[in-house]
Amino acid sequence: MTTLYRNTTHPLQIMIYSVLLGVIATAFLDLINYLQHVALNTPLTRYEFIGRWVLYMFDGQFVHESIKAAAAKPGELAMGWFGHYAIGVLFAWMLLALWKLKWFDAPKFWPALFVGLVTCAIPYFLMQPGMGSGIAGLNTPDPLAAQLKVVYSHVIFAIGLWLGGYLLRPLVAKSR
């Protein structure tokens, strides 16, 4: 089996390591957010609103004036958490699709940061407008704060990708 993957990266390997790396990086982001909540009394992310937004998509509604004002949906909190981790896996997949498993040989921070910053476009141009906050949070009371929160979270996620690269490095080395 090792010879199959020695000189090439198999798509199944990319998928498996994307799941592992994405979960690690997302869990790191959640840990940092929770520690900030405890130490600095910052609000926690309300994943039920993300889940509500996703569940409304199944009804064909993609944009809301305010997702908070939309009627609650059964299972929205679970869907929000699932979506949060699924997005983390997708972002990890982007890293590995671009840099392949070779990135694990010596995980560099700049590819993780690149992915983290590029993916700020998802909340700015898809999630925030869809949930009623406007493009890049321009309809919020403090758009700059909303924009900086996205950048900050994506940089923390990038640090999680980078640390996850080091955690998974021995496992990846064994599979090659």
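Heads up: the structure comes first, above all this text.
Cut-offs used in this document
- Residues numbered from 1 in each chain as written.
- Predicted model: local features only at pLDDT ≥ 70, side-chain atom pairs only at ≥ 80, totals over all residues.
- Heavy atoms only, no water.
- Helix = DSSP H or I, 4+ residues; strand = E, 2+ residues; numbered from the N terminus.
- Buried < 20%, exposed > 50% of the residue type's maximum accessible area, 1.4 Å probe, protein only.
- Contact = heavy atoms within 4.5 Å.
- Areas by Shrake-Rupley, 256 points an atom, 1.4 Å probe, with all protein chains shown as cover.
- Lys, Arg positive; Asp, Glu negative; His and termini not counted.
- Charge placed at Lys NZ, Arg CZ, Asp CG, Glu CD.
- Core = buried A, V, L, I, M, F, W, Y, C linked by side-chain atoms within 4.5 Å.

Colleague: What's the story with the overall build of the protein in this structure? I'm lost.
Modeller: A count of helical and extended segments in the protein gives seven helices and zero strands. Taken from the N to the C terminus, the helices and strands of the protein come in the order α-α-α-α-α-α-α. Seen through its C-alpha atoms, the protein measures out along the principal axes to roughly 55 × 35 × 25 Å. Taken across its 176 residues, the protein has 38% of its residues classed as buried. The contacts of the protein with a sequence gap of at least 6 include a subset with a gap of at least 24, amounting to 69%. Accessible surface, the protein: about 10000 Å² in total, of which carbon and sulfur atoms supply 72%. Side-chain charges of the protein comprise 12 positive and 7 negative groups, with the mean position of each set lying 17 Å from the other.

Colleague: Quick question: what am I supposed to make of the nonpolar core here?
Modeller: As a rule of thumb, soluble globular proteins bury nonpolar side chains together. In this structure, L21, L96, F104 and L161 are the most contacted members of the largest nonpolar core, which totals 18 residues. Sorting the residues of this core by element identifies α2 (11-40), α4 (76-99), α5 (109-118) and α7 (143-175) as the ones contributing at least two each. The residues contacting F104, other than those within four sequence positions of it, are Y17, L21, L96, G165, L168, R169 and V172. Of all hydrophobic cores here, the second largest spans nine residues; its members include Y47, I67, A70 and M127.

Colleague: Even after reading the chapter, I still don't get unusual backbone geometry, so can you show me in this structure?
Modeller: Peptide bonds are, in most cases, trans, and in most cases residues other than glycine have a negative phi. Look at K100: it is not a glycine, yet its phi comes out positive at around 60°. Relative to the helices and strands, K100 resides in the loop between α4 and α5. With a phi close to 50°, A136 is a non-glycine residue in the positive phi region. Tracing the chain through its elements places A136 in the loop between α6 (121-130) and α7.

Colleague: Just to check I follow, could you spell out the side chain of T26 for this structure?
Modeller: Tracing the backbone shows T26 in helix α2. By relative accessible area, which is 1% here, T26 ends up buried. Once residues within four sequence positions are removed from consideration, T26 is found in contact with H84, Y85, G88 and F157.

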